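Architecture and fold: a report
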Amino acid sequence: MDRFSYIANSEAAYIDDLYRAYKQDPGSVDGSWQKFFEGFEFSQSYGENGNGANGHTTETTTTKPVIDTKHAEKEVSVASLIKAYRSRGHLLAKTNPIRSRKDRNPRIGLEDYALSEADLDTIFEAGTLLGIGPSSLRKIMESLEKIYAGTIGFEYMYIREIDVKNWLRNKIEKEALEFNPSLDEKKRILEKLNEATVFENFLHTKYLGQKRFSLEGGETTIPALDAIINRAGELGVEEVMIGMAHRGRLNVLVNILGKSYEDVFSGFEGNVPDQVFGDGDVKYHLGYSSLIETSSGKQVSLKLAPNPSHLEAVNPIIEGFVRAQADEEYAGNFDKILPILIHGDAAVAGQGIVYEVTQMAKLEGYQTGGTLHFVINNQVGFTTDFEDARSSIYCSDIAKIIDAPVFHVNGDDPEAVIFCAKLAVEFREKFNRDVFIDMVCYRRYGHNESDEPKFTQPTLYNVIEKHANPREIYNKKLIERGEVDAELASKMDTAFKKELQDRLDMVKQKAEIPYKPLRLDREWAELRVSKPEDFEQSPETGVPLETLEKVGQALVTIPNGFKPLKQIDKLLKDRRQMIFETKQVNWGTAELLAYGSILSENKVVRLSGQDVQRGTFSHRHAVLHDSETNEAYNSLDYIEGNQQKMQIYNSLLSEYGVLGFEFGYSMAAPHALVIWEAQFGDFSNGAQVIIDQFVSSCESKWGLMNGLVMLLPHGYEGQGPEHSNARPERYLQLSAEYNMVVANVTTPANFFHLLRRQLAWPFRKPLIVMSPKSLLRHPQVVSPLEDLTKGTFKEVLPDPYAIGKKVKRILLCTGKIYYELLEKQQADKREDVAIIRLEQLHPFPQKQLDAILAHYSKNVETVWVQEEPSNMGAWTYLLRSGLDLKLQGVTRKNSASPATGYSKVHSQEQADIIRRAFE
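Cut-offs used in this document
- Residues numbered from 1 in each chain as written.
- Predicted model: local features only at pLDDT ≥ 70, side-chain atom pairs only at ≥ 80, totals over all residues.
- Heavy atoms only, no water.
- Phe/Tyr/Trp six-rings, centres within 6.5 Å; stacked < 30°, edge-to-face > 60°.
- Helix = DSSP H or I, 4+ residues; strand = E, 2+ residues; numbered from the N terminus.
- Buried < 20%, exposed > 50% of the residue type's maximum accessible area, 1.4 Å probe, protein only.
- Pairing = 2+ DSSP bridges.
- Axes fitted to C-alpha atoms, helices over the stretch in contact; angles between N-to-C directions.
- Contact = heavy atoms within 4.5 Å.
- Parallel < 35°, antiparallel > 145°, perpendicular 65-115°, else oblique.
- Nonpolar A, V, L, I, M, F, W, Y, C, P; charged D, E, K, R; others polar.
- Salt bridge = Lys/Arg side-chain N within 4 Å of Asp/Glu carboxyl O.
- pLDDT = per-residue confidence, 0-100.

1. Concerning the packing of aromatic side chains
Aromatic ring pairs are defined here through the distance separating the ring centres and the angle between the ring planes. If you walk through the whole model with that rule in mind, you get 27 aromatic pairs. Ring geometry for phenylalanine 154 and phenylalanine 419: centres 6.4 Å apart, planes at 85°, overall edge-to-face. Pair noted here: phenylalanine 154 is in strand β3 (residues 152–155) and phenylalanine 419 is in helix α14 (residues 414–431), with a separation of 265 residues, a long-range link. The same class applies to phenylalanine 154 and to phenylalanine 419, which are both buried.

Shown next, in the form of C-alpha cells:
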C-alpha cells in the first residue's frame, strides 16, 4: 500500500501500518478495520458479481485479476477522511450557540484527501468502518457530519489505550445518530429547564441587582446534572460529591440537591438563622447534603461542598473526600461514589490547581475512580474574552494529559447535552477514569448581576440580549416536532412561579426556618463543638505498655528473605534497643508508636506529602525497601490481624493540591488521623489558599470541623531563607476563637500525646506542628517509654533545674532553641535563669502557664526568646495575646527575609541570641 503515500495527510501512513498488521494477524486490528480490509481486498480482486473493481470483467478464474488502482487509492482516501473526522471533526462541530466558531483549519474537506464531488455517488468499502456497510461517499459524508460535526464535538482519538478508544468510538458512532429520548425523558428535560429558568427569573425580579451568579445562558446544566445523577444511580452509584464555584450554585442547590427555596430566599432577605454557629458565609459559597430518589427509584446521597471565591480550590477537597468515602464506606469500590467537578471555562484553563489535581487522577494514593468534569463554558471570564484567557484551543485541553475524553456540546441543544451526560457516566463507570463535558453556552448578565458586561463585550452582549434562552428554544423544538402539548411549558411555568411566590411570602412573614448544620458524613454527629474550658486540660492519651511493645515488635521485624540496606539494619537494631532495652525513644520511634497505637485501635492513619515514607530527614523509615528487589515493606501493617493498614504515600510534587486532598479526606473521616507533611515548613506557602480558606476558617464560615494535621519542619540551622522558617507567625495571625492548634513541640513523648489527642478530643481541630529537623537526632531529645504509657499532652513544660526564689529571670521559648538555651544554662550552672517551654502557642495555654509561673517570684524578669526575626515567629502574637507579663523580646532583628544565607552569619546571630538571653 506504499503507492498511496502521495496523500497529503498522515492518515494514509497510519492505514498502511494497520494493513501491514492485518496481513500478519487479522485479529490484531479492530473488527471494523478487519471488515474493511476483507472487503477492500475482495473488491480489488473481483469486484461485484465476478467483475473486477469498478466493473471490469475478469477473463477467467485462472487469469490474474484486473485491479482498479485509482479506486483502491480512493478507498484509502475515504478511510483516511473517516479517521480525520474522528480526530478533527470537533473543530467543525456547531458547539457555539451564539456566534460562529473560530476557524481552526481542520483540513477535512474532500479536496484534502484527493476526493471531489464527482466521487460522491461512488460506493466505498470504507463505509464498513462507520458501521454502515459499503456506502456511497455522499452517505459516508452525511454520517460523518451528523456524528462528528453536529452540536457535539468529540475529542478522544489521542487516547492511547486501544480498547478505551474503540469503546468510545463504537458508542459515539452507533448511538449518537440514533439517540432519541423517550417522551417522558423529553418532558423531564423540559421540566428541569423550566425549574432552572423560572428560579433565576424569579430571583432577578424579586432581588434586582443582588449578587447571585446566575446560571442564565447555561440553564442546561440542571437537566445535565439531573441526567448524570439518574444514570449514575442506575449504574450502582450510591453517593455523588459535587464541587463547584459560584455560577449556578444556588440553582444547583435547590433544583438538584433539593435545598428549600425558603432557605435561599431567607439568605436574600439577609435573615440570620437561629442557633447559627460562627460568622457564616455568603449564600453562593455554602454547601449542602441531601438524600434524593432518582427517576428510576434509586436512592442517592448528594453532597455539594462549600467553596470560597478561589474558584477551583474545592477540586482537591472533593477528591480527598471521595477517596475517604470510597476507602471507608464502600470498601475501596469507586463505582459506588462519583465525584463531579463543575468548572468555569476561564478557571479550568487558568488555575494551576486544576493541573495538580488532574495529575493525581491515576496515582495510587489519590485516585478516586475517575472524576466527571462539567465545564459551564460561558466564553467570558469576568470581563476577559477567551482569546485572552488561554493559549490552548479549548479550555478543557488539560484533559489530554491523562487521556481523558472531552465532549464539547452546544448548551442550546439539551438533548445533545443529555447524550453527553449519559455517555460520560457510562465511560467513567466502565473505565474508572476522568471524563470532561465542555458545555458551550453564554452568560446572560455580567460577572454578577450588578455588573455591566457591555463595557467590555458590547457586540457579544447585543447578540445575547436578543437570544432566546435554552428552555424557549427546546420548548419550541418539541412543539414543532409535535412531541409536547404547547400548553405544557406554560402550565409548568405558572405552577412553579406560584410555588416560589408562596415560599417567599412565608419568609417575608418571618416564619421560622430551622438552622441545619452541614453534615458531610454521619460520623460527625458523634462529635460536639469545642468549649473554651476544653483547652485547660488535655485528655488522657497514654497507651498500655503491652500495646506499645506489640507495635514495637512490628517495627523491628522484617519478613524472611527481605534484604535491607546496611543502614536499615542498624536502624532496626537501634529501634529494638530503644523500645526493648534502654526504653528511651527518639522522635521517629515515638511518632511510629503513636501511629501504630491508633492503627491497633482499628482507626485510620493517613500520612502523605513529599518523601514521607522515608521522611525528608531520613528519620521515619515507615516503609522499608529490599536492597535487591526494591520491594516495599510497611512494618505498621503487621501489628495484629484485624487492624487498619497504614496509609502512607509519597505525594506528587504538589503542596496546594495535596494539602487540599488531605483536608477533604479529613472532612469525610472524623475518626481518622490525617496528616500532611511539608518537605520544609515554608513549602506550605504553595498551599496558602487551602490554609486561609479552609484550614483556619472552615468551622467559622461553614460550621465544619476538621482534624487535619500539618507537620511543618522548622528551626534555624544555617540552611538559608527557604529551609529555616515554617512561618509560625502566619498561622498565629490566623488563630482566633479556638479555630486551630499551633504547636512547637520539644520531646518525643509530647509529640506522641499531641498526635493521639487529635482523636481523643470529643471535637476536631486542625493541628499545625512546627516539626523539628536537628532535634530528630539530638542526643537529649529522647523520652522514657514510660511517658508514653500514661499522662497527657503538656501545653507548657516547666524547668526541672531552676526553680524557686533563686530565679531572677525566666526565659519563655518554644521549639528547638530550648536545647541551645539549656546547653548554656547547664554549662554555666545558671540556677538564676529558668527556661519554660510553650509547647502549644494557640489556643494560648494561659491557665497552664500561670500554674508554672506561680512557683516564681512576682518580680521575676520575663523574656521571650526566639530564633526568628522580631517581625516573625511568635513574638508579635504574644504581645497581642493579653499576657499579664512585662515581656522583653530576644530575637533576630526585623528582617524582610526569614534567614541569612551565610552559615557564618547564622552562627554569629544564633550565638548572639543565646548570649543576650542570659545577660
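Text resumes after the structure shown.
2. Concerning the pairing of strand β21 (residues 767–771)
Here β21 lies mainly inside the structure; five of its five residues are buried. Because side chains alternate across β21, one face comprises the buried residues Leu767, Val769 and Ser771, and the other comprises Ile768 and Met770, equally buried. Looking at chain direction, strand β19 (residues 709–713) and β21 are connected through five bridges and run parallel. By the bridge assignment for β21, leucine 711 is matched with valine 769. Across three bridges, the pairing between strand β20 (residues 741–743) and β21 is parallel. Counted as the bridge partner of alanine 743 is valine 769 from β21.

3. Looking at the sheet that holds strand β11 (residues 406–410)
Taken in spatial order, the eight strands make up an open sheet running β3-β11-β12-β8-β7-β4-β6-β5, and their pairing is mixed. At either margin of the open sheet sits one strand with a lone partner, and together these are β3 and β5 (288–293). Neighbouring strand axes in the sheet, compared pairwise and without regard to direction, differ in orientation by 20° on average. Direction of pairing for strand β8 (residues 372–377) relative to strand β12 (residues 435–440): parallel, over a ladder of six bridges. Opposite asparagine 377, over in β12, you have valine 440 as the bridge partner.

4. So, unusual backbone geometry
Each neighbour pair has its own omega, and for histidine 842 with proline 843 the value is -10°, a cis peptide bond. Mapped onto the fold, proline 843 is located in the loop between β26 (840–842) and α28 (846–853). Phi angles above zero are rare outside glycine, and alanine 114 is one such case at about 55°. Locating alanine 114 in the fold gives a position in the loop between α3 (69–88) and β1 (123–124). For alanine 114, a relative accessible area of 41% gives the class partly exposed.

5. Things to note about the sheet that holds strand β28 (residues 887–892)
Strand pairing in a sheet relies on backbone hydrogen bonds. The paired strands run either parallel or antiparallel. Sheet architecture is open: five strands sit in the order β23-β25-β24-β27-β28, paired in mixed fashion. The outermost strands of the open sheet, each flanked by one partner alone, are β23 (796–797) and β28. In this sheet, strand β25 (residues 833–838) lies alongside β23 in antiparallel orientation, the contact comprising two bridges. Bridge pairing links leucine 797 to arginine 837 in β25.

6. With respect to the environment of alanine 486
Looking at the secondary structure, you find alanine 486 in helix α17 (residues 486–508). When the C-alpha positions of alanine 486 and alanine 421 are compared, they lie 27 Å apart, and in sequence the two are 65 residues distant.

7. Points about the environment of leucine 548
Positionally, leucine 548 belongs in helix α18 (residues 545–555). We classify leucine 548 as buried; its relative accessible area is 0%. Sequence separation between leucine 548 and leucine 785 is 237 residues, and the spatial gap between their C-alpha atoms is 8.7 Å. The contacts of leucine 548, once residues within four sequence positions are left out, are Val543, Leu593, Phe752, Leu785, Leu788 and Thr789.

8. Observations concerning helix α12 (residues 352–360)
Within α12, the full set of buried residues consists of Ile353, Val354, Glu356, Val357, Thr358 and Met360. Those residues of α12 that are buried are in contact with α10 (314–328), α11 (345–350) and α21 (656–668).

9. Describing the packing of α3 against helix α4 (residues 137–148)
Orientation of α3 relative to α4, taken along the N-to-C sense of each, is 10°, at an axis distance of 10 Å. With respect to their mutual orientation, α3 and α4 come out roughly parallel. Taken together, the residues of α4 that come into contact with α3 (itself represented by Val78, Leu81, Ile82, Tyr85 and Arg86) are Leu137, Ile140, Met141, Leu144, Glu145 and Tyr148. Grouping the amino acids of the contact of α3 with α4 by side-chain chemistry returns nine nonpolar, no polar and two charged.

10. Things to note about the pattern of salt bridges
Following the criterion strictly, the structure yields 48 salt bridges and no others. As a salt-bridge pair, lysine 74 and aspartate 119 come within 2.7 Å of each other at their nearest N and O atoms. Here aspartate 119 lies in the loop between α3 and β1 and lysine 74 lies in helix α3, a separation of 45 residues in the sequence. Classification of lysine 74 by relative accessible area gives partly exposed; the value is 23%. With a closest N to O distance of 2.4 Å, glutamate 919 and arginine 915 form a salt bridge. Residues joined by salt bridges that share partners form a network here, namely Lys171, Glu175, Arg231, Glu234 and Glu426.

11. Description of the confidence of the model for the chain
A low pLDDT score tells you not to read the predicted coordinates there in detail. Of all residues in the chain, 92% attain a pLDDT of 70 or more, and the chain-wide mean is 89. Of the regions scoring below 50 in pLDDT, residues 1–9 engages in 28 contacts with residues more than four places distant in sequence or in other chains. Low pLDDT, under 50, characterises residues 46–64; the stretch is placed with 22 contacts to residues that sit more than four places away or in other chains.

12. Here we look at the pairing of strand β24 (residues 809–813)
Looking along a regular strand, one sees side chains alternate from face to face of the sheet. Of all five residues in β24, five are buried, a share of seventy percent or more. Where burial is concerned, the two faces of β24 agree: the one with Arg809, Leu811 and Cys813 and the one with Ile810 and Leu812 are both buried. Note that β24 and β25 share five bridges and pair parallel. Note that in β25 the partner of leucine 811 across the bridge is isoleucine 835.

13. Thoughts on the environment of serine 903
The residue serine 903 is located in helix α30 (residues 903–918) in this model. Taking the relative accessible area as the measure of exposure, serine 903 reaches 48% and is therefore partly exposed. Sequence-wise, serine 903 and tyrosine 19 are 884 residues apart; in three dimensions their C-alpha atoms are separated by 67 Å.

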